[in-house]
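# Per-entry structural report
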Amino acid sequence: MTYCVGMIVDKGLVLMSDTRTNSGVDNISVFRKMFHWQVPGERMIAVMTAGNLATTQAVVSKLEERTKEPDERETTLLNGPTMFSVVSEIGKLLRTTIEERQQANGDRGKGRFTASIIVAGQIAGMEPRLFMIYPEGNFIEASWDTPFFQIGETKYGRPIILRGYDRDMSFEDAVKLLMVSFDSTLKANLSVGLPLDLLVVEKDKFGPTHEHRVTAEDAYFNSISSGWGDALKAAFHSLPGYSFTPQD
């Protein structure tokens, strides 16, 4: 399974993904699910993937291949005039890759090769934008009404973000919020696991402002995990007690 979150705030973009993949409890591996490309001073684009690993790796490999010889081929990722055109091309690539794998495997392939992708980035002269691409290749864009997207195992970490998000929050607070969201997910679902990849992209900088891999030895993440658990217990005990005696 997977858990990835992309969030847009006034200052820019904050992305986090886990790295666990599993085919049963006895076959657990670590694979990166976050990737990014940049043209200094002109654009920064990042993707996070969830779903069938072979499918997502194929899509990322094709994107990588298209960036290696930009002078000799049409490279929407690096040359597309808008984020919309970039996301449209990635959506087509995802749909085509899924269709090819399903056709090659016949009936056995139906439903096995699905995947979804979060795309975040900014092109010079435009605002940072955040999208979620579905397996069919269509996509939706984040707004201030819906300022974050999740893919993978979403249900455990979503309430944390809904309660804690504020569009004018600092990058540091946004990272803290995602740390809590991921900790809650890790505690509830063994198919999501460390290490975590973190990427912060400041508006109009067109490059990573902060990159970090969170491992099991990460002191800050461990303090967040234990502190959040203690805070929840304290909040619970501070609530009014329930009584079996009828109240007037």
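The coordinates are above.
So, a few notes on the structure that sits alongside this text. If you're wondering where the values come from, they're calculated on a predicted model, not measured in any experiment.

### Focus: helix 3 (residues 83-105)
Residues lying three or four places apart along an α-helix face the same way, a consequence of the helix completing one turn every 3.6 residues. The terminal C-alpha atoms of helix 3 lie 33 Å apart, and with 23 residues this matches the ideal 33 Å at 1.5 Å per residue to within 8%. Within helix 3, the full set of buried residues consists of Met83, Val86, Val87, Ser88, Ile90, Gly91, Leu93, Leu94, Thr97 and Ile98. The inward-facing, buried residues of helix 3 contact strand 6 (43-51), helix 1 (53-68), helix 2 (76-79), strand 7 (115-123), strand 8 (129-133) and strand 9 (139-141). Just beyond helix 3, the residue with positive phi is Gly106, at close to 60 degrees.

### Regarding the environment of Ala115
By secondary structure assignment, the location of Ala115 is in strand 7. Its relative accessible area of 3% is what places Ala115 among the buried residues. With 32 residues separating them along the chain, Ala115 and Met83 place their C-alpha atoms 20 Å apart. Those residues in contact with Ala115 that lie beyond four places of it in its chain are Ala50, Gly51, Asn52, Thr55, Thr56, Leu94, Ile98, Tyr134 and Pro135.

### Quick word on the nonpolar core
Ranked by size, the top nonpolar core spans 27 residues in total, and within it Met7, Val14 and Ile161 carry the most contacts. Those elements that place two or more of their residues in this core are strand 1 (3-9), strand 2 (12-17), helix 4 (158-164), helix 5 (171-188), strand 11 (196-202) and helix 6 (219-238). Among the elements that make up this core, the one with the highest residue count is helix 5 (9 residues). Listed in part, the 22 residues of the second largest apolar core include Leu93, Leu94, Ala115 and Ile117.

Calculation notes
Residues numbered from 1 in each chain as written. Predicted model: local features only at pLDDT ≥ 70, side-chain atom pairs only at ≥ 80, totals over all residues. Heavy atoms only, no water. Helix = DSSP H or I, 4+ residues; strand = E, 2+ residues; numbered from the N terminus. Expected span 1.5 Å × (residues − 1). Buried < 20%, exposed > 50% of the residue type's maximum accessible area, 1.4 Å probe, protein only. Contact = heavy atoms within 4.5 Å. Core = buried A, V, L, I, M, F, W, Y, C linked by side-chain atoms within 4.5 Å.

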